[in-house]
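Architecture and fold: a report
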Amino acid sequence: MDREALRMVCSPEFWRMGVLWTLSLLYSYLLLFLHGRTATSRRRRDVGGRDGGGGRPICVVTGATSGLGQAAAAALAREGYHVVLGESRVPCAFVWTFRRALGAPSYWTICTVAIGGIVWSSALVVSFLLCTIVITAALFVKQTAQEIRRQQPDACLEAFQVDLSSCISIKKFETSLNQWIRASNREPAIQLLINNAGMLAKSHRVTEDGIDEMMQTNYVGPFMLTSILLPLLKNSHVPSRVVNLTSFTHRCVSQIDVSEEALRGVKFDQRSVGGSYPLASTYEYTKFCLLMFSYELHRQLHLSSGISVMAADPGVVETGIMRELPPCLSRFAFFALRVMNLLRKPDTGINAVLDAALAPPEASGKYFFGGNGRTVRSSALSYDMETAKKLWAESSALLQELQLRDYELRSN
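Attention in this report is confined to the structure presented alongside it.

Conventions used here
Residues numbered from 1 in each chain as written. Predicted model: local features only at pLDDT ≥ 70, side-chain atom pairs only at ≥ 80, totals over all residues. Heavy atoms only, no water. Helix = DSSP H or I, 4+ residues; strand = E, 2+ residues; numbered from the N terminus. Buried < 20%, exposed > 50% of the residue type's maximum accessible area, 1.4 Å probe, protein only. Contact = heavy atoms within 4.5 Å. Areas by Shrake-Rupley, 256 points an atom, 1.4 Å probe, with all protein chains shown as cover. Core = buried A, V, L, I, M, F, W, Y, C linked by side-chain atoms within 4.5 Å. Salt bridge = Lys/Arg side-chain N within 4 Å of Asp/Glu carboxyl O. Axes fitted to C-alpha atoms, helices over the stretch in contact; angles between N-to-C directions. Parallel < 35°, antiparallel > 145°, perpendicular 65-115°, else oblique. Expected span 1.5 Å × (residues − 1). Polar contact = N/O pair within 3.5 Å; in protein donor to acceptor, adjacent residues only side chain to side chain.

**Let's talk about the overall build of the protein chain**
Helix and strand counts for the protein chain stand at 14 helices and 13 strands. Taken across its 412 residues, the protein chain has 54% of its residues classed as buried. Considering only contacts in the protein chain between residues 6 or more positions apart, those separated by 24 or more positions represent 79%. Accessible area for the protein chain stands at about 18900 Å²; split by element, carbon and sulfur atoms hold 56% of it.

Written out as C-alpha cells, the structure is:
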C-alpha cells in the first residue's frame, strides 16, 4: 500500500464510503425485499415505432463510452432507438489548466518549454496538447459506436462530444444535435434523455464555469442539459422521457443546503473543510440533488406536457467510477462487494435503467431499483417539496447566470 492509499484509509471519507455507503445499499435491498413494487412487467410498445418524422425514436445517452452508459446505449439500440452517444472522457481540470494558459498573455512572455535542446513557444505546446485532447475525446466516442455496431450491425448510432462540466460544451452539443436532426429531415424532437455521466473526484477542482468539477458533472451539467433539451422533448409526437441516474448514497444526506454557494461547490473547497476534500459527502450531495431535481421535474412536466421523469439507481456496478482512487483500494472495494454479492457487471447493472427507460408513462416520478421493473421509496428528505422548489429556483438562476456569461463572452 503506497502513501496515498494509506492517507486515504486514515481519512473519515474512506470509512464513510466503506461503512455508510454499504449500509445504505443494504437498506435499499431491505426495502426492496419488504416493500418493493413492480411498476410494470411490460416494456413500452411504441419503442420500435416511428418518432413522427419517419425514423426511429431518438435517445440521448451521456457518459456513453464506458460502463453503464455504453451498456445502456447498446441495449436501447436493440430496443429500436436511434442512440446519440454523448461523451467527453477528458478531465475538465486538465483542459481548464490549458485554457487558462491560452488566455494569459503574460504567460507566453515568461514561460518557455525546452525539449531536446530546442526551445518551443509555450503557446504552441499548449495548443498542440489541446488539439490532442479534443481528438482523443472524439476517438473514444467513435470507438464506442464501432464496438456496438460490431455486435449489432443494424444499430443506429450517432456520436457527439459533450462535456457536462462545461456550459459552452453543452451549448455546442445542443447546436450539433439540432443540426443533425434537421439534416436528417426528422421531426425536431427527441424521445428519451438518459443523464448517466458521473464521476467520483478525489480533489476539489474548479471548472471554467467556476463550479466544483464533481458538482457540475454530476448535477449542474445534467440540469443544464435537460433544461436546454426540453424543447426537443416537448416537440415529440410520442410520449418522451427523462431518466436520471442517481445512487443509493443519497440516503446518507441528512440535511441539504441548496444555496448558490452550495451548488457551485464552494463549501467543498479544501480550505473550507480543513484541508481535505470531502469526496464521499460531495458525491452523496450531487446524487441527492439529481434525485430531488427528478421529482420536481416530474411534478412540473408530467401533467402539463406528458413528459415522464424517472430516477434509476443501478446499485453498485463494476465501472471506472473509482478511477481516481488508489488502484489497490478500488480493487479491494470491488473484491469485498463481490464477496457480499452486491457487485454487478454493467450488462446486468443496467436493468434498473432499462426499466426506467421503458416503463409506461404512468410510472413517472418513481425510483427504480433492483431490476425486474421494481421500485422502492427513496429517502424521506428527497420528497421535501419546498426544498425541491428552492433547489429548482437556485439551479435555474445559476443556469441563467452561466448562459448570460456565455453570451457576453461570445459578444466580446
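Having seen it, we continue.
**Here's the deal with the nonpolar core**
Core analysis: the largest hydrophobic core is formed by 82 residues, its most contacted members being Phe173, Leu177, Ile190, Leu200, Met215 and Tyr219. Of the residues forming this core, the biggest block, 13 residues, is contributed by helix H10 (residues 279–305). Met215 has contacts with Val220, Ala262, Leu263, Gly265, Phe268, Tyr285, Thr286 and Cys289, leaving out every residue within four places of it along the chain. Grouped together as the second largest cluster of nonpolar side chains are 35 residues, Ala64, Ala71, Tyr81 and Phe368 included.

**Some thoughts on the pattern of salt bridges**
Opposite charge on two side chains permits pairing when their charged atoms draw close. Per the stated rule, a full pass over the model turns up 11 salt bridges. With a closest N to O distance of 2.8 Å, Glu284 and Arg16 form a salt bridge. Residue Glu284 is located in helix H10, and its partner Arg16 is located in helix H2 (residues 12–35); the two are separated by 268 residues in the primary sequence. Note that Arg205 and Glu324 form a salt bridge whose closest N and O atoms lie 2.7 Å from each other. In this pair, Arg205 sits in the loop between strand E7 (192–195) and helix H8 (213–234) while Glu324 sits in the loop between strand E10 (316–317) and helix H11 (327–339), placing the two residues 119 residues apart along the sequence. Take Arg205 and Glu324: they sit in the same class, and that class is buried. Among the charged side chains, a salt-bridge network with shared partners connects Arg205, Glu213 and Glu324.

**With respect to the packing of helix H7 (residues 167–183) against helix H14 (residues 385–411)**
Here H7 crosses H14 at 80 degrees, and the two axes come no closer than 10 Å. Considering the angle they form, H7 stands roughly perpendicular to H14. Between H7 and H14, the residues in contact are Cys167, Ile168 and Lys171 and Leu402, Gln403, Asp406 and Arg410, respectively.

**Some thoughts on helix H3 (residues 67–78)**
In this model, H3 (12 residues) spans 17 Å end to end at C-alpha, consistent with the 16 Å of a helix rising 1.5 Å per residue. Across the 12 residues that make up H3, a large majority, 10, are buried. Leu68, Gly69, Gln70, Ala71, Ala72, Ala73, Ala74, Ala75, Leu76 and Ala77 are the residues of H3 that are buried. Of the residues trailing H3, Gly80 is marked for its positive phi of about 105 degrees.

**Looking at unusual backbone geometry**
The bulk of non-glycine residues show a negative phi, and the bulk of peptide bonds are trans. A positive phi angle is found at Asn185, which is not glycine, with a value near 55 degrees. Topologically, Asn185 is positioned in the loop between H7 and E7. Residue Asn372 is not a glycine yet carries a positive backbone phi of 60 degrees. Here Asn372 lies in the loop between strand E12 (367–369) and strand E13 (374–375).

**Some thoughts on the side chain of Ser308**
Within the secondary structure layout, Ser308 lies in strand E9 (residues 308–313). Accessibility expressed as a relative area gives 1% for Ser308, which makes it buried. Of note is the side chain of Ser308, whose polar atom sits 2.8 Å from the side chain of Arg241.

**Examining H14**
Taking 1.5 Å of rise per residue, the 27 residues of H14 would be expected to cover 39 Å, and the 39 Å separating its terminal C-alpha atoms lies within 8% of that figure. Every buried residue of H14 is accounted for by Thr387, Ala388, Leu391, Trp392, Ser395, Leu398, Leu399, Leu402 and Asp406. Residue Asp384 occupies the N-cap position of H14, its side-chain oxygen lying 3.2 Å from the main-chain nitrogen of Glu386.

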